[in-house]
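Structural description and commentary
Chain by chain, the residues run as shown.
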Amino acid sequence: MRLYNLKDDSQVVSFVEAVKTGLGRNQGVFFPQQLTPLDNMDALLEMDFVSRSTQVLTHLIGDELSPNVVAEMVQGAFTFPAPLVHVADNLHCLELFHGPTLAFKDFGGRFMAQCLAQFSNSEKVTILTATSGDTGAAVAHAFYGKENIDVVILYPEGKISEAQQKLFTTLGNNIHCYSVKGSFDDCQAMVKQGFLDDELKTRLRLNSANSINISRLLAQVCYYFEAVAQLPKAQRNKAHISVPSGNFGNVCAAMIAALIGLPIQKLSATTNQNDTVPRFIASKKWQPHETQESLSNAMDVSRPNNWPRVQTMLDSGRFSYDDFFSHAVDEEQTALAMRELQSMGYQAEPHTAIAYEGLKADLAPEHQGIFLATAHPAKFQASVEKILNVELAMPKALSDALAKPCLAEPMSADYQQLRQALLAKLG
Ligand SMILES: *Cc1c(COP(=O)(O)O)cnc(C)c1O
């Protein structure tokens, strides 16, 4: 697989290089030079999740890795299912929260960990990442206790749920956490600056685990195939998929799935009130506002890193703007959507409810609507219990984490402070 830098197309790298470097020159993200359709779609959709995912990833990565190596990595990463739950007539929910940290980030985080373990030749590396809530836990769990790998996680203090936070700040060992007085965008900016800092980059052998890392995106492509495969055969070419979007990595993966032949008819990327993309689609003007806090905190992003990739696919016409919808859903609509789903017998947390709400606006009766459940309701216990007036049972992974003390260190939104802390601890 060859990938080019979207800000400088003279930089072309292999899949392994793209995974190891994360971000290209001038902070550009990498994108595949070619995405060719799979030619055995019907047969693929009959396969089990792990076998099919191996084929999809082998197709994407190409001959850089042997199919046996890819198979091993997929088996190591995809150890839990992604069931499609029927909600109403032509409405389904793809549940992506059955992994160890109860959010879809487990798919990408675990596959990326497999890749880095495979590619690092036992050199010591430092994974530096910012989290808007769920990446931190997925990445921390995927790398916890792994020799030669240190993980550094920045998160916006007080802006993620207690369950989200405790799932990674309580681990210790090779997992180092900083609670930053600022927004997720501030954390993301500090991480980006770290990658521009040659001394830090070299001394720590920095690597990124954000959704800019191509290995995470490619892993996520696989569960869109799994969603379509679970539709009745006659309905498989009628999918309209709705993705709750923050950094726009997940919907980018859906679009890549469509470009390699998965019959996705329509795509909705729905945001909360941090609506840079819906406003861009309407006005063609890129005008990020200050990030606002919301019930769906993992989507509190106003400068989505993956948007250049999505826009590349749209601008080239490989996925039509006519088949792409992006709406913003506010706090009140989010709560109403949660209650509406509850009345249909489905309990959803805020991110999932936003995907449902965004889908409703555009779902045609002849299509099969699939909205993504990106996190387990218990991960947002306080808001779910309050809005739905229910008491949630805690999965054991969560109650165990909640009982432990938080080991994160406080930090201001200041790159120099991060730099000094990291050089002192790991340099
Ligand atoms: C990360 C996250 C999202 C947003 O996904 P992006 O790939 O950043 O668009 C949505 N829901 C939950 C629960 C998340 O953790």
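All values reported here derive from a predicted model rather than from experimental measurement. (Residues numbered from 1 in each chain as written. Predicted model: local features only at pLDDT ≥ 70, side-chain atom pairs only at ≥ 80, totals over all residues. Heavy atoms only, no water.)

**Observations concerning the overall build of the chain**
Along the backbone of the chain there are 18 helices and 14 strands. By principal-axis analysis of the C-alpha atoms, the chain measures approximately 60 × 50 × 45 Å. Put simply, the chain has 427 residues, and 61% of those count as buried. Considering only contacts in the chain between residues 6 or more positions apart, those separated by 24 or more positions represent 74%. A total accessible area of about 15,900 Å² is found for the chain, and carbon and sulfur atoms account for 47% of it. In the chain, the 35 positive side-chain charges and the 45 negative ones have mean positions that sit 4 Å from each other. (Helix = DSSP H or I, 4+ residues; strand = E, 2+ residues; numbered from the N terminus. Buried < 20%, exposed > 50% of the residue type's maximum accessible area, 1.4 Å probe, protein only. Contact = heavy atoms within 4.5 Å. Areas by Shrake-Rupley, 256 points an atom, 1.4 Å probe, with all protein chains shown as cover. Lys, Arg positive; Asp, Glu negative; His and termini not counted. Charge placed at Lys NZ, Arg CZ, Asp CG, Glu CD.)

**Regarding the site of the ligand**
Neighbouring the ligand are 15 residues; Lys105, Asp134, Gly246, Asn247 and Thr374 lie closest to it. Within the side chain of lysine 105, a nitrogen or oxygen atom sits 2.7 Å from an oxygen atom of the ligand. Here an oxygen atom of the ligand sits 2.4 Å away from a polar atom, N or O, in the side chain of aspartate 134. Burial of the ligand by the surrounding chains reaches 97%, relative to a free accessible area of 380 Å². Tallied by class, the residues present in the shell around the ligand amount to six nonpolar, seven polar and two charged. (Near = heavy atom within 4 Å. Polar contact = N/O pair within 3.5 Å; in protein donor to acceptor, adjacent residues only side chain to side chain. Nonpolar A, V, L, I, M, F, W, Y, C, P; charged D, E, K, R; others polar.)

**A word on the UniProt feature "modified residue: N6-(pyridoxal phosphate)lysine" (unreviewed entry) in the chain**
Sequence positions flagged by UniProt for "modified residue: N6-(pyridoxal phosphate)lysine" (unreviewed entry) are, in local numbering, Lys105. By secondary structure assignment, the location of lysine 105 is in helix α5 (residues 105–119). In this view, lysine 105 contacts Asp134, Thr135, Ala138 and Arg216; residues no more than four positions away in its chain are not counted. (UniProt positions renumbered as here; feature names shortened; annotations may be inferred.)

**So, the pattern of salt bridges**
Inspection of every chain in the model, using the stated rule, returns 19 salt bridges. Between glutamate 226 and arginine 52 there is a salt bridge, and its shortest N-O distance comes to 2.9 Å. Pair noted here: glutamate 226 is in helix α10 (residues 214–229) and arginine 52 is in helix α3 (residues 49–61), with a separation of 174 residues, a long-range link. One salt bridge connects aspartate 150 with lysine 124, and the closest N-O pair in it is separated by 2.9 Å. Taken together, the positions of aspartate 150 in strand β7 (residues 149–156) and lysine 124 in the loop between α5 and β6 (125–130) put the pair 26 residues apart, joining distant regions of the chain. Residue lysine 124 is classed as partly exposed on the basis of its relative accessible area, which comes to 45%. Counted as one network, the salt bridges with shared partners bring together Asp197, Glu199, Arg203 and Arg419. (Salt bridge = Lys/Arg side-chain N within 4 Å of Asp/Glu carboxyl O.)

**So, the sheet that holds strand β12 (residues 324–325)**
The six strands are arranged β4-β5-β13-β10-β11-β12 in an open sheet whose pairing can be described as mixed. The open sheet has two free edges, formed respectively by β4 (84–88) and β12, since each of these has just one partner strand. Here strand β5 (residues 91–95) runs beside strand β13 (residues 368–373); their pairing, made up of five bridges, is parallel. In the sheet register, leucine 91 faces β13, and the bridge partner there is glycine 369. (Pairing = 2+ DSSP bridges.)

**Section: the domain arrangement of the chain**
What the domain assignment lists for the chain is domain 1 (81–103 + 214–388) and domain 2 (105–211 + 403–426). The C-alpha centroid of domain 2 is placed 25 Å from the C-alpha centroid of domain 1. Taken together, the contacts link 29 residues of domain 1 with 30 residues of domain 2. Interface area, domain 1 with domain 2, both sides summed: about 2,400 Å², of which 52% is carbon and sulfur. The largest per-residue losses of area from domain 1 upon contact with domain 2 belong to Thr101, Arg216 and Lys379, which jointly make up 30% of the total buried on that side. (Domains from an automatic or database assignment. Buried area = accessible area lost by both parts, 1.4 Å probe.)

**What to know about the sheet that holds strand β2 (residues 8–14)**
The strands making up a sheet are joined through hydrogen bonds of the backbone, oriented either antiparallel or parallel. Across the sheet, three strands lie side by side as β2-β1-β3; this open sheet has antiparallel pairing. Only two strands of the sheet have a single neighbouring strand rather than two, namely β2 and β3 (30–32). Recorded for the sheet is a direction-independent mean angle of 35° between the axes of neighbouring strands. The pairing of strand β1 (residues 2–5) with β2 spans four bridges and is antiparallel. Residue leucine 3 lies in a different strand from β2, and its bridge partner there is valine 13. (Axes fitted to C-alpha atoms, helices over the stretch in contact; angles between N-to-C directions.)

**Concerning the packing of helix α4 (residues 67–77) against α5**
At a minimum axis distance of 8 Å, the contact between α4 and α5 shows a crossing angle of 135°. By the angle between their axes, α4 is oblique relative to α5. Handedness of the crossing formed by α4 with α5: right-handed. Counted together, Val69, Glu72, Met73, Val74, Gly76 and Ala77 of α4 and Arg110, Phe111, Gln114, Cys115 and Gln118 of α5 form the full contact between these two elements. Classifying every residue of the contact of α4 with α5 gives six nonpolar, three polar and two charged. (Parallel < 35°, antiparallel > 145°, perpendicular 65-115°, else oblique. Left-handed = near helix turned anticlockwise from the far one by under 90°.)

**Considerations on the environment of threonine 271**
Position of threonine 271 relative to the elements: it lies in the loop between β11 (264–270) and α12 (276–283). Sequence-wise, threonine 271 and serine 326 are 55 residues apart; in three dimensions their C-alpha atoms are separated by 7.4 Å. Threonine 271 has contacts with Ser245, Phe248, Pro278, Met299, His327, Ala328, Val329 and Ile354, leaving out every residue within four places of it along the chain.

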